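# Residue-level structural notes
What follows is the residue order along each chain.
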Amino acid sequence: MDILSRNNVSVTGLAHGPVVVLAHGFGCDQNMWRLAVPALAKRYRVVAFDYVGSGGSDLSAWSHERYSSLQGYAQDVVEVCEALDLEGAVFVGHSVSAMVGVLATRMAPERIGALVMVAPSPRYIDDDGYRGGFTSDDIDELLASLESNYLGWSSAMAPVIMGNPERPELGQELTNSFCATAPDIARVFARTTFLSDTREDLKSVEIPTLVLECAQDVIAPREVGAYVHAAIPSSRLVTLDATGHCPQLSAPEATNEAILDFLAAQR
């Protein structure tokens, strides 16, 4: 199978520049990065893609067995990097993709040389000594609602996730993105995402890492950003003056500046 077609891979920017790989989160596709690509493409070779089951990917390549684990998404990342023969790329992962990047780095350390984790969360459910932002009952209720009426759930939850109620067009965009995902696939991705616990995997990260958090984020509260930063000795934590879980759309200038500053330090 042609991996580049399977994952709807796009490559822009400097043909021989340092490589930045952009990975989207649950219910989204590479369009989530459209405000970042022009800024990055001036100095870097920018690779964007859709996970199988999302966006313009080949839906026939999706399987419940593979994508009911974050390892399946990490395998997508590794295979895209292999198809492009990338070495030492900077992986920029949004939301759950931040942790997918951690897993991909373990699977193929030669492919990824640095990480940018945008609004990451290694576990969404509170635990002893850990605040993920949700109780087990919260997540059970969220998943039950999603599984019973995905379109209704999308319309209700997307604006909450996006935040910025004074800019309803942002919430509508995320709603549209959620609704464009096949419900059966979205249910599996959601369960995989919200029930994940990858805290132990953070200990394996030894490459330069930028942890980008928002000042207010209902999905990944600041306690989570502090936890990720503390767990990765090689990390730098930057708190954006932004609200919501998608700063690349709600605060693109600040997000791009933070990423570019980090990238410049890696050259």
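For the structure, check the block above.
The following paragraphs examine the structure supplied in this document. On a predicted model such as this, the values are computed, not experimentally measured, just so you know.

### Digging into the pattern of salt bridges
Going through the model one piece at a time under the given rule, you end up with 16 salt bridges. For Glu 79, the salt bridge identified is with Arg 66, shortest N-O distance 3.3 Å. Remark: Arg 66 occurs in helix α3 (residues 64-67) and Glu 79 occurs in helix α4 (residues 70-83); sequence separation between them is 13 residues. When its relative accessible area of 16% is taken as the criterion, Glu 79 is described as buried.

### Structural notes on the nonpolar core
Counting residues in each nonpolar core, the largest one holds 65 residues, and the members touching the most others are Phe 26, Val 77, Met 117, Leu 174 and Phe 178. Membership of the second largest hydrophobic core comes to 26 residues, among which are Trp 33, Val 46, Ala 114 and Val 116.

### Considerations on the packing of α4 against helix α5 (residues 96-107)
Close contact between α4 and α5 brings their axes to 8 Å; oriented N to C, the two are set at 65 degrees. Taken together, α4 and α5 sit at an angle that is classed as roughly perpendicular. As α4 packs across α5, the resulting crossing turns out to be right-handed. Taken together, the residues of α5 that come into contact with α4 (itself represented by Leu 70, Gln 71, Tyr 73, Ala 74, Gln 75, Val 77 and Val 78) are Val 96, Val 100, Leu 103, Ala 104 and Met 107.

### Concerning the side chain of Asp 201
Relative to the helices and strands, Asp 201 is located in the loop between α9 (183-194) and β6 (209-216). If sequence neighbours within four positions are ignored, Asp 201 has contacts with Val 102, Leu 103 and Arg 106.

### Observations regarding the environment of Val 19
Relative to the elements of secondary structure, Val 19 occurs in strand β2 (residues 19-23). The spatial distance from the C-alpha of Val 19 to the C-alpha of Ala 41 is 9.7 Å, given a sequence separation of 22 residues. Sequence-distant contacts of Val 19, defined by excluding residues within four places in its chain, comprise Arg 45, Val 47, Leu 86, Ala 89 and Val 90.

### Focus on the packing of aromatic side chains
Going through the model one piece at a time under the given rule, you end up with 13 aromatic pairs. Each ring, one from Tyr 73 and one from Phe 189, has its centre 4.4 Å from the other, and the planes form 15 degrees; the classification is stacked. Within this pair, whereas Tyr 73 is found in helix α4, its partner Phe 189 is found in helix α9, the two being separated by 116 residues in sequence. Summarising the burial analysis for this pair, Tyr 73 and Phe 189 share the class buried.

### Here we look at a negative patch on the surface
On the surface, Asp 126, Asp 137, Asp 138, Asp 140 and Glu 141 cluster together into a patch of negative charge. Tracing the chain through its elements places Asp 138 in helix α6 (residues 136-148).

### Overview of the sheet that holds strand β4 (residues 89-94)
Read across the sheet, seven strands follow the order β1-β3-β2-β4-β5-β6-β7 without closing on themselves; strand pairing throughout is mixed. Edge positions in the open sheet fall to β1 (10-13) and β7 (235-243), since each of these has one partner strand only. With direction set aside, neighbouring strand axes in the sheet form an average angle of 20 degrees. Bridge count between β2 and strand β3 (residues 45-48): four bridges; the pairing is parallel. Residue pairing for β3: Val 19 is matched across the bridge by Arg 45. Contacts from helix α12 (residues 252-266) reach β2, β4, β5 (112-118), β6 and β7 within the one sheet, and its direction differs from that of β6 by about 160 degrees.

### Focus on the layout of surface pockets
Put simply, the largest pocket is a space of about 170 Å³. Lining the largest pocket are 15 residues, with Cys 28, Asp 29, Gly 55, Ser 177 and Ala 180 sitting closest to its centre. When grouped by side-chain class, the residues that make up the lining of the largest pocket number five nonpolar, eight polar and two charged.

### Digging into empty space enclosed by the protein
Using the criterion set out here, one finds one cavity of 30 Å³ or more in the structure. The space that makes up the largest cavity amounts to roughly 130 Å³. Lining the largest cavity are 15 residues, with Phe 26, Ser 95, Ile 161, Phe 178 and His 245 sitting closest to its centre. Contributing elements (two or more residues each) for the lining of the largest cavity: α8 (168-180) and α9. The residue inventory of the lining of the largest cavity, partitioned by class, reads 10 nonpolar, five polar and no charged.

Cut-offs applied
- Residues numbered from 1 in each chain as written.
- Predicted model: local features only at pLDDT ≥ 70, side-chain atom pairs only at ≥ 80, totals over all residues.
- Heavy atoms only, no water.
- Salt bridge = Lys/Arg side-chain N within 4 Å of Asp/Glu carboxyl O.
- Helix = DSSP H or I, 4+ residues; strand = E, 2+ residues; numbered from the N terminus.
- Buried < 20%, exposed > 50% of the residue type's maximum accessible area, 1.4 Å probe, protein only.
- Core = buried A, V, L, I, M, F, W, Y, C linked by side-chain atoms within 4.5 Å.
- Axes fitted to C-alpha atoms, helices over the stretch in contact; angles between N-to-C directions.
- Parallel < 35°, antiparallel > 145°, perpendicular 65-115°, else oblique.
- Left-handed = near helix turned anticlockwise from the far one by under 90°.
- Contact = heavy atoms within 4.5 Å.
- Phe/Tyr/Trp six-rings, centres within 6.5 Å; stacked < 30°, edge-to-face > 60°.
- Patch = residues over 30% accessible without salt bridge, like charges linked within 9 Å, V, L, I, M, F, W, Y side chains within 5 Å.
- Areas by Shrake-Rupley, 256 points an atom, 1.4 Å probe, with all protein chains shown as cover.
- Lys, Arg positive; Asp, Glu negative; His and termini not counted.
- Charge placed at Lys NZ, Arg CZ, Asp CG, Glu CD.
- Pairing = 2+ DSSP bridges.
- 1 Å grid on protein atoms, 1.4 Å probe; cavity = no way out; pocket = protein on both sides within 12 Å on 5 of 7 lines; lining within 4 Å.
- Points joined across faces, edges and corners; volume = space filled by probe spheres on them.
- Nonpolar A, V, L, I, M, F, W, Y, C, P; charged D, E, K, R; others polar.

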